[in-house]
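Here are the chains, one letter per residue:
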Amino acid sequence: MQQVTIYSTPTCVYCGMAKKFFAEHNVKYNEYNVSEDSGKAEEMIWKSGQSGVPVIEIGKKVIVGFDKQAIKEALRLK
């Protein structure tokens, strides 16, 4: 399976939805809290061009927001 990373904040509703989706599909992921880690926040902006969360990276694909269909496609889920 491809490496999955989520850049998030504790108060982001869509981040929570994405993490719940990953849990329901047994997807392991790395999480970075960009409200506490300015280096990871800069990395997220560099990769996505966005300062909003969530930013999800699956392999080399970057998905901005909780786009369930794009996540399913990137993870090859039905």
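Thresholds, definitions, all that
Residues numbered from 1 in each chain as written. Predicted model: local features only at pLDDT ≥ 70, side-chain atom pairs only at ≥ 80, totals over all residues. Heavy atoms only, no water. Core = buried A, V, L, I, M, F, W, Y, C linked by side-chain atoms within 4.5 Å. Buried < 20%, exposed > 50% of the residue type's maximum accessible area, 1.4 Å probe, protein only. Helix = DSSP H or I, 4+ residues; strand = E, 2+ residues; numbered from the N terminus. Pairing = 2+ DSSP bridges. Axes fitted to C-alpha atoms, helices over the stretch in contact; angles between N-to-C directions. Contact = heavy atoms within 4.5 Å.

(A) Spotlight on the nonpolar core. Of all hydrophobic cores here, the largest spans 14 residues; its most connected members are Val4, Phe22, Ile56, Ile58, Ile63, Ile71 and Leu75. It is helix α3 (residues 68-75) that provides the largest number of residues to this core, a total of 4 residues. Counting residues in hydrophobic clusters, the runner-up holds 5 residues, among them Tyr7, Val34, Ala41 and Met44.

(B) Spatial organisation of the sheet that holds strand β1 (residues 4-8). Pairing within the open sheet is mixed, and its 4 strands lie in the order β2-β1-β3-β4. Of all strands in the sheet, those bounded by a partner on one side alone are β2 (30-33) and β4 (61-64). For this sheet, the mean inter-axis angle between neighbouring strands, taken without regard to orientation, is 15°. Note that β1 and strand β3 (residues 55-58) share 4 bridges and pair antiparallel. In the sheet register, Tyr7 faces β3, and the bridge partner there is Val55. Sitting on the sheet, helix α1 (residues 13-24) touches β1, β2 and β3, and the angle it makes with β1 is about 155°. Lying on the sheet, α3 is in contact with β1, β3 and β4; it crosses β4 at an angle near 165°.

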